[in-house]
Amino acid sequence: MITCVNILCYEPNKIMIDFIKDMYNYFKEKKLNYSIYLTIDSDKKEYKSEEEYTVIQFDHKKATRAGYKDILLRYYHRKDTKVKSMALDKSLYYFTRNNKFDYYWFIEDDIFIPSVKTIPYLDKKYKEADLLIGSCKEKKDDKMDWHWPLMVRNNRNKLRKKRLEKAEKSKDYYFEKPWYHGWCQVFRISRKFIEKIEEFVKKNKTLTFMEFFFATLAKKNEMKISEVEEFKLKLCYECKEKNLFKLNEISWKNLYHYFKDLDTQKEFRERKNYKY
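Residues numbered from 1 in each chain as written. Predicted model: local features only at pLDDT ≥ 70, side-chain atom pairs only at ≥ 80, totals over all residues. Heavy atoms only, no water.

Enquirer: Can you tell me about the pattern of salt bridges, naming the residues and giving the values?
Expert: Under the definition given, this model contains 21 salt bridges. In this structure, K125 engages E229 in a salt bridge whose closest nitrogen and oxygen atoms are separated by 2.8 Å. Taken together, the positions of K125 in helix 5 (residues 118-125) and E229 in the loop between strand 9 (225-227) and strand 10 (231-233) put the pair 104 residues apart, joining distant regions of the chain. With relative accessibility at 53%, the residue E229 sits in the exposed group. A salt bridge links K202 to E198; the nearest nitrogen and oxygen atoms lie 3.8 Å apart. With a gap of 4 residues between them, K202 and E198 both fall in helix 7 (residues 191-204), about one helical turn apart. The class for K202 is exposed, based on a relative accessible area of 57%. Look at the salt bridges and you will find they share partners, linking K125, E229 and E230 into a network. (Salt bridge = Lys/Arg side-chain N within 4 Å of Asp/Glu carboxyl O. Helix = DSSP H or I, 4+ residues; strand = E, 2+ residues; numbered from the N terminus. Buried < 20%, exposed > 50% of the residue type's maximum accessible area, 1.4 Å probe, protein only.)

Enquirer: I'd love a proper account of the packing of helix 7 against helix 8 (residues 210-220), names of residues and values included.
Expert: The interhelical angle for the contact between helix 7 and helix 8, taken along N-to-C directions, is 105 degrees, at an axis separation of 11 Å. Comparing their axes, helix 8 and helix 7 come out roughly perpendicular. Residues F193, K196, I197 and F200 of helix 7 pack against F213, F214, L217 and A218 of helix 8. Looking at the contact of helix 7 with helix 8, its residues break down into 7 nonpolar, no polar and 1 charged. (Axes fitted to C-alpha atoms, helices over the stretch in contact; angles between N-to-C directions. Parallel < 35°, antiparallel > 145°, perpendicular 65-115°, else oblique. Contact = heavy atoms within 4.5 Å. Nonpolar A, V, L, I, M, F, W, Y, C, P; charged D, E, K, R; others polar.)

Spelled out as structure tokens, the structure:
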């Protein structure tokens, strides 16, 4: 099994790079078949690939023109809502054109990976799933609440009221019902899943919101889904705290969100003796 670990960030820092190198050295020492990628959203500075990792960094317009856009809620994440493609969109664009791995991890930079052993442990436990996700739940009603109006084709108005109005009138959906959803700040997908994403974009000229896109795409294509108990999520809306977990809550077998402070990530690894 050949596996890609792809870290998503706006800009990397030394702590992130050092841990990536620690993972690389562990994988190499244990003769594990992993390759590490780092997808960088910012274009303020050009970053170069190194022996330990490959950098994915290019102008957002390249992904947008190809239809790899709007997987995130850009009117929340960006002041400049004209930018339609961010790190995850760019990653999916890149890997549909370089689909050479059996499995792909996508890990946002506010996910805490406690140990270099964590990802191999999870891969061994959840071997053959096409989608590893924190949860996968069916939508049981017809209410167009939350972000469900984005299931309507081209319903991209930044005003919620306008999106709701269109959703009430249109039945032109990206997927037939039932729909599914699940949090996916970290997830793993298969080579087959990458192919299905490419098919979706060729047909629809866009992606759509990740928290229902991945789960619904998997269900509609009868792919194997595993809900991962080791993905520990604490929701964070307008957080003032940078980390939502304490040291005594951390196990090396789990992945944690929300964990924005990389200095604390480093400290926790060292105090838990999880660095190596």
